Amino acid sequence: MAESAIAATNLSADPVRLSPARSVRPRLDSVDLLRGTIMALMLLDHTRDFIMNPSISPTNMASTTPALFFTRWITHFCAPTFMLLAGVGAFLYRSRGRTTEQVSWFLFTRGLWLIVLEFTLSRWGLTFNFHLGGFAWVLVLWSLGCAMIFLAGLVWLPRWAIGAICFALIFGHNAFDGVQAAKLGALGPLWILLHQPGAIPMSGGVFFDGYPWIPWIAVIGVGYLLGAVLLEQPEQRRRKLLTVGAITTVAFLILRLVNHYGDPNPWKHQASAIMSVCSFFNVTKQPPSLIFLAMTLGPVLMALVWFDRPLPKWTKPLVTYGRVPLFFYLLNFPIPHLLGILLAAATGQDWRHFFSAIGPFEQPPASFTGHSLACTYLAWFTGLLILYPLCAWFAGVKQRNKSVWLSYL
């Protein structure tokens, strides 16, 4: 719902042509704070992957606990917000005096760069080995890179066309949930790339796509439209963000209560009221359902309103994380990965699976029992403390050095 309302704010306008007077803009601290908060939550999710026993699923209603479920649930806000703000960043990049050609080329080349990073540094942080054969698991950077390449084409279109395409993909893709790649023959691998998470057999191994393109490529387009709203006068943008965010959140509640369309995983009454609540919020992330996006992006838009004010000093670390998101991301696997190895070794547990081809997603040996949720939170806080001085240093480098290559980091 948010996507259509945001797009409707300026659908009649042609591709934005900004005057030179608007070519230099200060950073939006509200966007950096939101992005930094999301990055911190992402570290929590990945810390849980390395610290706890991966055989314990936080979304399995038969075995999870409310605390474990909501530890996973709060991190659902990460991927859609990350993708949305990537689109916002593309618009803000354009608002600093760039032409359509420059923006499109930047998005295309940065998208390719993110894909390269997915198969190299990101993979190494996840597995602690550079062996590229046998199994390739692609995650956020792959999806974000592909979405940026898609957006490189969208920026040439009028805003109404961008809105129409994104609206159709986000609202309509759940109508195809019943389509299975296994029944499409030679087109099966294409369907896995587009909509159904799964494995694509390749010569010498398997390519597993954990983040299919639809509707992520539409979320980044919505973010691009949202960028124009964030450059409006504070009172006007707050009113729009609050209105659209509230409508989207209410739409989530209605669609989930109806339990008919918008998510292939309907909620069910459980043995207790709190577990029924967990089932209600247990929506589908891959591919992100309409209900998943409404549940996450509605509150995110309202959070932007809350953050759009002079920020207290305690938010400085989060703002710092938000100013160097890719740098943070590339470190958010190896740091909890290393902490997981150290904790396992210190408690006498087997840590050899931490070097497998698929990292923490491999079934661990029986001698690895993992650690408690409390220990996970302690490791997460430790990781945040380690990351802050590193991110502060790199944010300073980017502020002092305006080299073009640094815009790719």
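The sections below set out a description of the structure shown in this document. (Residues numbered from 1 in each chain as written. Predicted model: local features only at pLDDT ≥ 70, side-chain atom pairs only at ≥ 80, totals over all residues. Heavy atoms only, no water.)

**Quick notes on the packing of helix H2 (residues 29–51) against helix H17 (residues 373–400)**
- Contact pair H2 / H17: the axes reach a minimum separation of 9 Å and the direction vectors enclose 130°. Between H2 and H17, the angle is such that the two are oblique. In the crossing of H2 with H17, the sense of the turn from one axis to the other is right-handed. Facing H2, whose interface residues are Ala40, Leu43, Leu44, Thr47, Arg48 and Ile51, H17 presents Cys375, Thr376, Tyr377, Ala379, Trp380, Gly383, Leu384 and Leu387. (Axes fitted to C-alpha atoms, helices over the stretch in contact; angles between N-to-C directions. Helix = DSSP H or I, 4+ residues; strand = E, 2+ residues; numbered from the N terminus. Parallel < 35°, antiparallel > 145°, perpendicular 65-115°, else oblique. Left-handed = near helix turned anticlockwise from the far one by under 90°. Contact = heavy atoms within 4.5 Å.)

**Here we look at helix H4 (residues 78–95)**
- Taking 1.5 Å of rise per residue, the 18 residues of H4 would be expected to cover 26 Å, and the 25 Å separating its terminal C-alpha atoms lies within 8% of that figure.
- Gly97 sits one or two positions beyond H4 and adopts a positive phi of about 95°. (Expected span 1.5 Å × (residues − 1).)

**Description of unusual backbone geometry**
- Cis rather than trans, the peptide bond between Ile214 and Pro215 has omega equal to 5°.
- In this structure, Pro215 sits in the loop between strand S3 (205–209) and helix H10 (216–230).
- Pro287 follows Gln286 through a cis peptide bond whose omega is -10°.
- Position of Pro287 relative to the elements: it lies in the loop between helix H12 (273–281) and helix H13 (290–307).
- Phi is positive for Phe128, which is not a glycine, with a value near 60°.
- Along the chain, Phe128 turns up in the loop between helix H6 (121–127) and strand S1 (134–138).

**Re the packing of aromatic side chains**
- Summed over the entire model, instances satisfying the criterion amount to 31 aromatic pairs.
- Their ring planes at 90° and their centres at 5.6 Å tell us that Phe354 and Phe368 sit as a pair that is edge-to-face. Note that Phe354 is positioned in the loop between helix H16 (334–346) and H17 and Phe368 in the loop between H16 and H17, a separation of 14 residues in sequence. There is no split in this pair, since Phe354 and Phe368 are both buried.
- Three or more aromatic residues joined by ring pairs make a cluster, and in this case those are Phe69, Phe70, Trp73, Phe77, Phe252, Trp267, Phe280 and Phe281.
- In this arrangement the basic side chain of Arg98 is found over the ring face of Tyr93, its NZ or CZ atom lying 3.9 Å from the centre.
- Above the plane of the ring of Trp306 lies Arg309, whose end atom (NZ or CZ) is 4.4 Å from the centre. (Phe/Tyr/Trp six-rings, centres within 6.5 Å; stacked < 30°, edge-to-face > 60°. Buried < 20%, exposed > 50% of the residue type's maximum accessible area, 1.4 Å probe, protein only. Lys NZ or Arg CZ within 6 Å of the ring centre and 35° of its normal.)

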